[in-house]
Amino acid sequence: MNLFTLQQEVLSKERRRCFLPNISWGCLHRSAEVAKEQSLDNLWLAQILFDLGGVQFGNFTVSESAVSSPVFINPKVLISNPTALRVASKLVQQEINLAQSLRRPRVHPFTIVAGVPVGGLLLASAYSLETNTPLIYARIRPEGTGTRGIEGKFTRGDTVLIIDDLITSGSSVLETAALLEESSLKVKDVIVLIDREHGAPERLRHHGYNVMSILKLDVMLNHYMSKGLISEETYRICADYLHSKRGENTNFLGNNN
């Protein structure tokens, strides 16, 4: 079953069950149109994130590396829409399958997945259920009665694929990878749902990790602009912000070569 057929099937079930009372049928219709036009690719994801309120514009401090950001992205809203969460996990699966099918595979074989808390763990859980791939939880810091360590069974020497929902600087991924490697696990590849394009893939590559993303911020912005969902001024402000971050990344890489 391809992704478009899957989306149509699940949406049909939702209509019968009134599964999403808080989302207008207009939103679902727009998302379905995007899916039809793009064969349920990353633009469908960009649209449903917007419809669910997971993309906001203003002035936000996202992290130390994203101060005064004009756009805030919260992929965790996907958990309130099982259809969207399942499609997101399918998109991850599709990207991995494609990368592994190349003559020179872009993803190494792996036996376990690990999600970066918190959003990455939610997405990794969905992927694990969808593909029947074992999941482990890397607890970077003590929480409640849980000490720093790994939840779940694994074998020393196993190769782990790290999954995250959003990447900015890549620091959380590096912390997760370090903990996994401390436990004699191998980390070679990382897949993220959304890359904010703050230079994380380049930084992680510098540490020996390959990064793939399903969706990039500039693609999202172009989609919203083309659909009339944001103004030209908002688009320009966000584009200028991205341009400045790319410049910072170029300087960072130049200083570390």
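Residues numbered from 1 in each chain as written. Predicted model: local features only at pLDDT ≥ 70, side-chain atom pairs only at ≥ 80, totals over all residues. Heavy atoms only, no water.

### Side note on the overall build of the protein
(1) Moving on: Secondary structure summary: the protein contains 9 helices and 8 strands in total.
(2) Moving on: Residues classed as buried in the protein amount to 48% of the 257 residues present.
(3) Moving on: Within the protein, residue pairs in contact and separated by at least 24 positions form 64% of the contacts whose partners lie at least 6 positions apart.
(4) Moving on: As presented, the protein carries roughly 12800 Å² of accessible surface, and 50% of it is formed by carbon and sulfur atoms. (Helix = DSSP H or I, 4+ residues; strand = E, 2+ residues; numbered from the N terminus. Buried < 20%, exposed > 50% of the residue type's maximum accessible area, 1.4 Å probe, protein only. Contact = heavy atoms within 4.5 Å. Areas by Shrake-Rupley, 256 points an atom, 1.4 Å probe, with all protein chains shown as cover.)

### Quick look at the nonpolar core
(1) Moving on: The biggest cluster of nonpolar side chains holds 42 residues, and the ones touching the most others in it are L45, L78, L193 and M220.
(2) Moving on: Residue contributions to this core peak at 8 residues, all from helix α4 (residues 82-101).
(3) Moving on: Apart from residues lying up to four places away in sequence, L45 is in contact with L78, A88, L91, L193, I214 and L215.
(4) Moving on: Listed in part, the 21 residues of the second largest apolar core include I112, I162, A177 and Y209. (Core = buried A, V, L, I, M, F, W, Y, C linked by side-chain atoms within 4.5 Å.)

### What to know about empty space enclosed by the protein
To find leftover empty space, one rolls a probe the size of a water molecule over the atoms.
(1) Moving on: One pass over the full model with this rule turns up 1 cavity of 30 Å³ or more.
(2) Moving on: Put simply, the largest cavity is a space of about 60 Å³.
(3) Moving on: Here the lining of the largest cavity is built from residues that sort into 7 nonpolar, 1 polar and 2 charged. (1 Å grid on protein atoms, 1.4 Å probe; cavity = no way out; pocket = protein on both sides within 12 Å on 5 of 7 lines; lining within 4 Å. Points joined across faces, edges and corners; volume = space filled by probe spheres on them. Nonpolar A, V, L, I, M, F, W, Y, C, P; charged D, E, K, R; others polar.)

### Some words on the packing of helix α3 (residues 42-51) against helix α8 (residues 217-226)
(1) Moving on: Following both chains from N to C, one finds α3 and α8 inclined at 70°, their axes separated by 10 Å at the closest point. What the angle tells us is that α3 and α8 run roughly perpendicular. Contact with α3, carried on its side by N42, L43, A46, Q47, L49 and F50, involves V219, M220, H223 and Y224 of α8 and no other residues of that element.
(2) Moving on: Here the residues of the contact of α3 with α8 are counted per class, giving 7 nonpolar, 3 polar and no charged. (Axes fitted to C-alpha atoms, helices over the stretch in contact; angles between N-to-C directions. Parallel < 35°, antiparallel > 145°, perpendicular 65-115°, else oblique.)

### What about unusual backbone geometry?
(1) Moving on: The step from P117 to V118 runs through a cis peptide bond, and the omega angle for that step is 0°.
(2) Moving on: As for its position among the elements, V118 is in the loop between β3 (112-115) and α5 (119-131).
(3) Moving on: Here N132, not a glycine, exhibits a phi torsion of approximately 60°, which is positive.
(4) Moving on: Tracing the chain through its elements places N132 in the loop between α5 and β4 (135-139).
(5) Moving on: At S184, a residue that is not glycine, the phi angle is positive and equals roughly 65°.
(6) Moving on: Here S184 is to be found in the loop between α6 (171-182) and β7 (186-195).

### Here we look at the sheet that holds β4
Sheet strands pair by backbone hydrogen bonding; their relative direction is either parallel or antiparallel.
(1) Moving on: In space, the 6 strands of this open sheet follow the order β5-β4-β3-β6-β7-β8, with mixed pairing throughout. Both edges of this open sheet fall to β5 (149-151) and β8 (210-216), since each of them pairs with a single strand only. Strand-to-strand, the axes of this sheet are offset by a mean angle of 25°, without reference to chain direction.
(2) Moving on: Against the sheet, α5 engages β3, β4, β6 (159-167) and β7, with an angle of about 125° to β6. (Pairing = 2+ DSSP bridges.)

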